[in-house]
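# Structural features, examined
Each chain is listed here by its residues.
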Amino acid sequence: MLGQGEVLRTFNISVGELLDRSEKSRAIIFQPKQEEVVSSCTSLLMTVEQRRSDENDAAVIRPFTTLMSDDMHELVLRTDAGHGLLARYRRTHNTGDLDQSITRFERASDLCPMNHPCRPAALFNLAVAKFLSCQVNGTYLNLDVPISLFQDALDLRPTGHPDRPITQLHLAIALLSRFKKQGLGTDADAAEELLSEVLDICHSNSHIYRAALLAIDTLSLHRAEGNDEHDLGQMQPAASMLPSWQDQLVYLAELCLQGNDPHELDEVISLHYDALRCYDAVHDFRGQFLCNLGVLLHTRFGRRGNSQDLDQATTLLREALVVFPDGHAARDASLNSLANVLFTRFEHRGNDQDLDDAIILHKDALALRPVGYPYRSKSLNNLATMLFARFELRGNDQDLDDAIVLHRDALALHPVGHPDRSMSLDNLGNVLSTRFRHRGNDQDLDEAIMHHRDALTILPVGHPDRSKSLHNLAIVLSTCVQHRDNAQYLDEAIMLHRDALALRPVGHPERSKSLNSLASTLSTRFQHRGNVQDLDEAIMLHRNALALHPVGSAITFKSLNNLANVLSTRFEHQGNGQDLDEAIMLHRDALALHPVGHADRSSLLNNLASTLSARFQHRRNVEDLHESRENLRCALTLLTQHDPRRLQAHQLLATVYLLFHQSGLDRTGEDTDSLNAAMHHCKAAANLVSGGLQPRLRASLRWVRDADQYSHDTQLEAYATSMQLLDAYMSVTASVSSRHDVMKDFPSTLAVNAASCALRSGDVCRAVELLEQGRTVIWTQMTRLRMPLDNLQERGDHAGALMKKFRDLSSLLDTPPTNHQEGTPRVDVEAEESRYRRLVEDWNRVVEDIRNIEGFSRFLLPPLFSDLQDAARDGPIVVLVTSEASCDAIIITHKQPPTSIQLPTNWKKLLTLVSTFQQAIEKDAGPKRAQPELVKTLRTLWNDVVRPVVEHLGGCTRPGSRIWWCPTYLFNFLPLHAAGEYREHGQSLSQLYISSYTPSLTALIRARRSHDRSLSVSFAAIGQNHPDGHSFTLDFVEPELELVRSLLPPPPTVSFTKITSVEATKSRALCALQDNTWLHFACHGTQNFTEPFKSAFLMRDQPLSLLDISQMDLSRHEFGFLSACETAVGNFHTPDEVVHLAAGLQFAGVQSVVGTLWSVDDSTVQRLVEAFYKNLCGDGKMNSKRAARALHRAVQSLASDKDMSLHQRIVFMHIGI
């Protein structure tokens, strides 16, 4: 024996029985004792001889005496010390004891050179300790060391050696562990050979035999990541308190859990029951096996669904808690296991108390796992998961916030490269996505998308968790579609759902979830695109999902609800009443599964109410309408004040109250003012901050529609709210092109309808304010970022700091967003979008802070009429408004109240006039350049629009003075300056006034801001006669630029720069545009109606686009002449955004611009340019305020030119001061 070792057995036996066994060679068989699962001493075979006392004294047995050298004494001491430390580690779980035991065993082995009789025992002891260290510390890459030691020990224990089977089993287990981690087939083969030999040697009823048999059965299994509640790995610290055979049983059980062989699971459960019988009620080892057995039964329940296993697991784990009192090293693992089992029982039976108990237990477990504890992250994740479940059950916001904090802490413990990082990313993404749906914070949604994409990136194809990650990302993208109206995510979400479903075949526990989610997303795509195949497939998938749920299952309600929703959708599009009846039945079934107090009850009440109101409209059953209203009232009371779901409830209530009003039912019921109630709920929906910008904007537009339809007194408030929300919604979109696309999704007549409403109520000033608030939104948002704030610095240090912060953030927001090339990873695009939204939020907060400073309360708020009236200080402004209700003109003067005139036309006539005018312009001039259709159109324009205005102008401005036109909607496409009778002695506007245009009143005010002007005017003439990609050549470009040079005053009055031909590239043009305050473009211009910010001046290499110009600061620029085609043509989809090249220059800062309304001939340009510059600066002075008068006189000078067609004489127009 090496050292004192340990007492394996004590037993009493009579001399007679001893002699009998010796004579018959029968071994003494031992059952496992209370410290063992697999006995280290299974049998004892002895030979006893009986001698008489009178025999030779030499033969008399004498006391055995051991002679021990100093080295042997040292060897024994170190070995005993190692065993003692290892035993203490198993009791206290102090890894320092384990490390010291390894040191003692290493020193002992050093004392055993080759051929030393104790060397195999010393190697074996060291191998056991090293292997245990690998298990405890997770240093599986170091398994080579204990395997080598076990192999060396085995080599010294040949066949027939009594310790060979034990060594073989240990070596096989170590090889299996390495095989599990590295997948080396040679390890598996070697382990199988060793275990087979053990089976050949050991008795079939012995525990060592059963352990070897179980190891062989699980030999082919690869360790996979399992659910936490089924992970015996987290029990390892407690398991390591057991003797090595118990360690191996725990390890074999862990291997067994990775497979699906029911025989193997039953076998390991049986082994644990056998082990339990060996311990009394309070023994530590009994508690450990109670815990392990509870986990195993929990696993078997998950695989077979036998509720007796679940209840038995609960009972065993509660008993384990008694064995492991407070302070015991294994109590945290026991708490964790019991909590997981209770949570499973809650999921399957719905008992709230199980969930509450599980949360308490997990909190206790977490308290026992402080920072640095190896299983802290699992406790954080478990507790977060259950708090989230309770939030979904009861809707307590604190539970949701706590879950997010815990998941963040867990993620921090899973850095890049950690095997559980993808799980933490997915978990955090899920709870953030839920918080977004409940509170509407865009940052939560952005972060959720980012985490889910990161999680999916980590998991390669073939990873067992990939389907979950695919599903989670698809869900959050679908949320993005619903709340941001971002349909680009739809196809990606559906693709991800299909990929996830393919990884969840029939029989997979998550298949129903994938079926449901894919079906819901297909239904959403149907609502966006109208493909009936999507809707039919969605219904089929929802039916399949529902069929997978047992009756009464806690998750059945989702399938019931989802199927009901798509059936309702199909009814809306196909009108089949059976779909509606089935939907109502399904909604009732879903509601029955959610008693009062359940967090989802309000949503189910909403859905049922919606289908009931739809059936009322279909069949006029009054009971349906009453029940719908009561359900919605109840739903609203269940939701907290800031819950985003209130928005839907308010909208549905508005619908129901309008149905009461339309049907006349409110005259006999309790609600005698249903219309007011409906408008109240419309307003509440639009003003619910947590509802999200896009849903609120949709709700406000619905409010506008209903208030207009019923002429309700909240009309103007509804319009103002809609325009405010539209502005806010667009502001979070980074690129101006994207903003224009957003505008196309909303009514183009919102501002003019609002103004028309105000005019009908007699409030002309309010009409002007609403027009200014709701038009040119894109340009207004851009100019806000360039707002000068020099006077703010005078208000103190705090104001100065705010000014700096405002400028810094504005500069960041005004920086053109990254132009992502096709193929750019979506995650990069989303990160950029998220960054921009956060900047907008910071910018909005700074703006609010500035408004708190005295004198800045209306900073960047929509201007009041008192501010806007200043635009008319140099002459009256005529604002033209058209809506389906009326066509009006508003005359604004500098000091007098505004005047409104109802014009003798209507929306339909005006639309016809615009169409006729477009056709007339496109027709070739007839004989003698006559254009009768154009003349007729201009006469109609004079009679129906301009003459009534002129008649009222007579009282406020003298003939020959300047007036400004501010056209809206359809008026943007008519040449107001050219209106007239066009007959002998007939009147025309050009005979009476000098016309200019302005896109908005604010734009005109901004253009009048004075700047220090240089004594010398820097003038750039930019021409391009042969642009890239075009075969034509503009022959008159070079002569035109030379003509301009000749007509300008000489230096030093004008510093002239000409850029033409090959030099006129985009980059040179941009530089000239930046460096010169006076500009003349002579080139080809294009208006892109699909993407208007791609409208451009064509240069030699690339187009100089409107987008390029809009991103420049031209605030010191005075004048621009655009001698190019279509430079002042608006877009029919968004007419009141005034997106064209001439307007772009003015909004960028150019004070005065001459542009063209359609294509222009070279000959026309030559003659008009000459006349214009002679009138502008013929006296040697350069003043941009002369531009309008100079253009007016130039056009008049061409009137007598019979060779010039009418449409060419009126093609130029002036914008600005």
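My aim in this report is to walk through the structure given alongside it, one point at a time. Computed from a prediction, not measured in an experiment: that's the story for all the values here.

### Looking at the packing of helix 23 (residues 532-547) against helix 24 (residues 556-574)
Relative orientation of the contacting elements helix 23 and helix 24 amounts to 155°, with a least axis distance of 9 Å. When the axis of helix 23 is compared with that of helix 24, the two are roughly antiparallel. Helix-helix and strand crossings are classified by hand; for helix 23 and helix 24 the assignment is left-handed. Here V532, L535, D536, A538, I539, H542, R543, A545 and L546 of helix 23 lie close against helix 24, whose contacting residues are T556, S559, L560, N562, L563, V566, L567, T569, R570 and Q574. In terms of residue class, the contact of helix 23 with helix 24 is made up of 10 nonpolar, six polar and three charged.

### Details of unusual backbone geometry
Along the chain, P1051 connects to P1052 via a cis peptide bond; the corresponding omega equals 5°. With respect to the secondary-structure elements, P1052 resides in the loop between helix 43 (1037-1047) and strand 9 (1054-1059). One non-glycine residue, H985, lies in positive phi territory at about 65°. Within the secondary structure, H985 is located in the loop between strand 6 (962-967) and helix 41 (989-992). Overall, the relative accessible area of 76% leaves H985 in the exposed class.

### Some thoughts on the pattern of salt bridges
With the rule as written, the count across this model stands at 55 salt bridges. Here R1008 and D874 are joined by a salt bridge, their closest N and O atoms 2.8 Å apart. Here R1008 is found in the loop between helix 42 (1001-1007) and strand 8 (1017-1023), whereas its partner D874 is found in the loop between helix 38 (865-868) and strand 3 (877-882), with 134 residues between them in sequence. Taken together, the salt bridges that share partners define one network made up of D266, R300, R304 and D309.

### Here's the deal with the sheet that holds strand 13 (residues 1103-1105)
The antiparallel open sheet is built from three strands, whose spatial order is 11-12-13. What marks the edges here is a single partner per strand, and that holds for strand 11 (1085-1086) and strand 13. Looking at chain direction, strand 11 and strand 12 (residues 1096-1098) are connected through two bridges and run antiparallel. Paired with T1086 across the two strands is A1096, which belongs to strand 12.

### Let's talk about the pairing of strand 14 (residues 1119-1123)
Of all five residues in strand 14, five are buried, a share of seventy percent or more. Two strands pair when backbone bridges link them, and strand 10 (residues 1078-1082) and strand 14 are joined in this way by five bridges, in the parallel orientation. Bridge pairing links L1079 to G1120 in strand 14. Where strand 14 lies against strand 15 (residues 1152-1156), three bridges are found, and the strand directions are parallel. Looking across to strand 15, one finds that F1119 is bridged to S1152. For the handedness criterion, the β-α-β arrangement of strand 14, helix 46 (residues 1141-1148) and strand 15 is classed as right-handed.

### Here we look at the environment of V596
The topology assignment puts V596 in the loop between helix 25 (577-592) and helix 26 (601-619). Look at V596 and you get exposed, because its relative accessible area is 71%.

### Observations regarding the packing of helix 28 (residues 646-663) against helix 29 (residues 674-686)
At a closest axis distance of 8 Å, the pairing of helix 28 and helix 29 adopts a crossing angle of 160°. Considering the angle they form, helix 28 stands roughly antiparallel to helix 29. Between helix 28 and helix 29 lies a crossing of left-handed hand. Facing L647, H650, Q651, L653, A654, Y657, L658, F660 and H661 of helix 28, the residues of helix 29 in contact are S674, L675, A677, A678, M679, H681, C682, A684 and A685.

### Notes on the packing of aromatic side chains
Applying the stated criterion across every chain, the model contains 20 aromatic pairs. Ring geometry for F1019 and Y1173: centres 6.2 Å apart, planes at 65°, overall edge-to-face. Note that F1019 is positioned in strand 8 and Y1173 in helix 47 (residues 1162-1177), a separation of 154 residues in sequence. Judged by its relative accessible area of 0%, F1019 falls in the buried class. Classification of Y1173 by relative accessible area gives buried; the value is 0%. A ring pair is formed by F1119 and F1172, whose centres lie 5.7 Å apart and whose planes are at 15°; its orientation type is stacked. Of the two residues, F1119 sits in strand 14 while F1172 sits in helix 47, which places them 53 residues apart along the sequence. A connected cluster of aromatic rings, assembled from ring pairs, spans F1019, F1056, W1078, F1119, F1121, F1172, Y1173 and F1212. Taking the ring centre of F124 as reference, the NZ or CZ of R157 above it sits at 5.2 Å.

### Considering the environment of R858
Its place among the elements puts R858 in the loop between helix 37 (826-851) and helix 38. A C-alpha to C-alpha distance of 10.0 Å links R858 and V847, two positions 11 residues apart in sequence.

### Section: helix 44 (residues 1066-1075)
Within helix 44 the residues assigned to the buried category are K1066, A1069, A1072 and L1073. Summarising the axial view, the buried residues of helix 44 lie within an arc of 125°, below the 170-degree limit, and thus occupy one face. Considering only its buried residues, helix 44 is in contact with strand 8, strand 9, strand 10, strand 13, helix 45 (1106-1110) and helix 46.

Calculation criteria
Residues numbered from 1 in each chain as written. Predicted model: local features only at pLDDT ≥ 70, side-chain atom pairs only at ≥ 80, totals over all residues. Heavy atoms only, no water. Axes fitted to C-alpha atoms, helices over the stretch in contact; angles between N-to-C directions. Helix = DSSP H or I, 4+ residues; strand = E, 2+ residues; numbered from the N terminus. Parallel < 35°, antiparallel > 145°, perpendicular 65-115°, else oblique. Left-handed = near helix turned anticlockwise from the far one by under 90°. Contact = heavy atoms within 4.5 Å. Nonpolar A, V, L, I, M, F, W, Y, C, P; charged D, E, K, R; others polar. Buried < 20%, exposed > 50% of the residue type's maximum accessible area, 1.4 Å probe, protein only. Salt bridge = Lys/Arg side-chain N within 4 Å of Asp/Glu carboxyl O. Pairing = 2+ DSSP bridges. Right-handed = clockwise from strand over helix to strand, strands pointing away. Phe/Tyr/Trp six-rings, centres within 6.5 Å; stacked < 30°, edge-to-face > 60°. Lys NZ or Arg CZ within 6 Å of the ring centre and 35° of its normal. Arc of directions from axis to C-beta.

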